[in-house]
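Residues per chain, in single letters:
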Amino acid sequence: MFRRREPVPFAFVAEADRFRSNVTPPPRPRPSRAQLVGQSLITLTVVGGLTGALLFGLPALQQDTSGSTGVHQSEAAQHR
């Protein structure tokens, strides 16, 4: 029996690992001072927002240990 070898679909993906180009890409341009300041301000804003959300959210996540018995009644139910 003669088995015919069929090409594998997307064989070029496997061949891409062997391919090496001799052309180097151009160097990236250095960011300007204004771009660096802008990126720093954005980073500080995001970090500050997350920190503020954490600080304001922590009291809501804490369990109430003020000595209550666990039975909560509404104010309307108390005046019946």
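Residues numbered from 1 in each chain as written. Predicted model: local features only at pLDDT ≥ 70, side-chain atom pairs only at ≥ 80, totals over all residues. Heavy atoms only, no water.

So, about the overall build of the chain. The helix and strand tally for the chain stands at 3 helices and 0 strands. Secondary structure elements of the chain occur, N-terminal to C-terminal, as α-α-α. Here the chain has roughly 8900 Å² of accessible surface; of this, 60% comes from carbon and sulfur atoms. (Helix = DSSP H or I, 4+ residues; strand = E, 2+ residues; numbered from the N terminus. Areas by Shrake-Rupley, 256 points an atom, 1.4 Å probe, with all protein chains shown as cover.)

Further remarks concern a nonpolar patch on the surface. A cluster of nonpolar side chains, namely Val37, Leu41 and Leu44, defines an oily patch on the protein surface of about 300 Å² accessible area. Within the secondary structure layout, Leu44 lies in helix α2 (residues 33–61). (Patch = residues over 30% accessible without salt bridge, like charges linked within 9 Å, V, L, I, M, F, W, Y side chains within 5 Å. Salt bridge = Lys/Arg side-chain N within 4 Å of Asp/Glu carboxyl O.)

A few words now on the confidence of the model for the chain. On average, residues of the chain score 78 in pLDDT, and 56% of them reach the 70 mark or higher. The least confident element of the chain, judged by mean pLDDT, is helix α1 (residues 11–16) at 59; the most confident is α2 at 94. (pLDDT = per-residue confidence, 0-100.)

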